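Remarks on the overall topology
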Amino acid sequence: MTSLSLPQTNAMAVGKLLLGIGVLLLTHAALSAVQHRSFLKLTDDDYTGLPTDISMECLLGGLLSTLGVVWLMGVFKDIRLTTELNSRTLEIEGNKQNFMTFNHRGRIVHQFVSKSL
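Residues numbered from 1 in each chain as written. Predicted model: local features only at pLDDT ≥ 70, side-chain atom pairs only at ≥ 80, totals over all residues. Heavy atoms only, no water.

**Notes on the overall build of the chain**
Helices and strands together make up the secondary structure of the chain, namely five helices and zero strands. Start at the N end of the chain and walk to the C end: the helices and strands fall as α-α-α-α-α. Counting contacts in the chain only where the partners sit at least 6 residues apart, residues at least 24 apart contribute 73% of the total. Split by element, the accessible area of the chain, about 10,000 Å² in all, is 64% carbon and sulfur. (Helix = DSSP H or I, 4+ residues; strand = E, 2+ residues; numbered from the N terminus. Contact = heavy atoms within 4.5 Å. Areas by Shrake-Rupley, 256 points an atom, 1.4 Å probe, with all protein chains shown as cover.)

**Overview of the environment of Ala30**
By the secondary structure assignment, Ala30 is in helix α1 (residues 8–42). Classification of Ala30 as partly exposed rests on a relative accessible area of 43%. Counting along the chain gives 25 residues from Ala30 to Ser55, while the straight-line C-alpha distance between them is 9.9 Å. (Buried < 20%, exposed > 50% of the residue type's maximum accessible area, 1.4 Å probe, protein only.)

**Side note on unusual backbone geometry**
Here the phi dihedral of Asp44 falls at roughly 55°; this positive angle occurs in a residue that is not glycine. Take Asp44: it is sitting in the loop between α1 and α2 (52–73). Overall, Asp44 belongs to the exposed group, its relative accessible area being 67%.

**Concerning a nonpolar patch on the surface**
Together, Leu60, Leu63 and Leu67 give the surface a local cluster of nonpolar side chains, amounting to about 260 Å² of exposed area. For Leu60, the location among the structural elements is in helix α2. On the accessibility criterion, Leu60 (42% relative accessible area) is partly exposed. (Patch = residues over 30% accessible without salt bridge, like charges linked within 9 Å, V, L, I, M, F, W, Y side chains within 5 Å. Salt bridge = Lys/Arg side-chain N within 4 Å of Asp/Glu carboxyl O.)

**So, α2**
A rise of 1.5 Å per residue sets the reference length of α2, with its 22 residues, at 32 Å; its end C-alpha atoms lie 32 Å apart and thus fit the reference within 8%. Those residues of α2 that fall on the buried side of the exposure criterion are Ile54, Glu57, Gly61, Leu64, Ser65, Gly68 and Trp71. One side of α2 holds all its buried residues, which, seen down the axis, span an arc of 130°. Exposed and facing more than 90 degrees away from the buried side of α2 are Thr52, Met56, Leu59, Leu63 and Met73. At the exit of α2 stands Gly74, carrying a positive phi of roughly 90°. (Expected span 1.5 Å × (residues − 1). Arc of directions from axis to C-beta.)

**As for the side chain of Glu57**
Residue position: Glu57 is located in helix α2. Among buried charged residues, Glu57 stands out as having no salt bridge; its nearest opposite-charge side chain is Arg37, 16 Å away. Beyond its immediate sequence surroundings of up to four residues, Glu57 is in contact with Leu25, His28 and Ala29. (Lys, Arg positive; Asp, Glu negative; His and termini not counted.)

**Description of the environment of Leu67**
Along the polypeptide, Leu67 turns up in helix α2. Each C-alpha atom of the pair Leu67 and Gly22 lies 9.0 Å from the other, and the pair is 45 residues apart in sequence.

Next up, the structure:
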């Protein structure tokens, strides 16, 4: 369930919109960073870091992309499995075919025990 409790179709539309805006902001920030580096090379200035507006644009784009993906994914399942595990018995859980072995040493031991008796 989303935090704003929007209907499912509206939440997916909001998620797609936020994801699209976030990806566009991240792409624009990357292009701005490349342009800033090329400008510094042309003017022979030292690189001291990205300008604040590009850094803030990266953070905002990452945040919007993250929110968009979370909203786009829809309803999350509960972490606690107590509701599903309460209906299962131990016999169902312990009876796995992977643990059944019919070709084991008990057959040979039985032959030795029956010969000795």
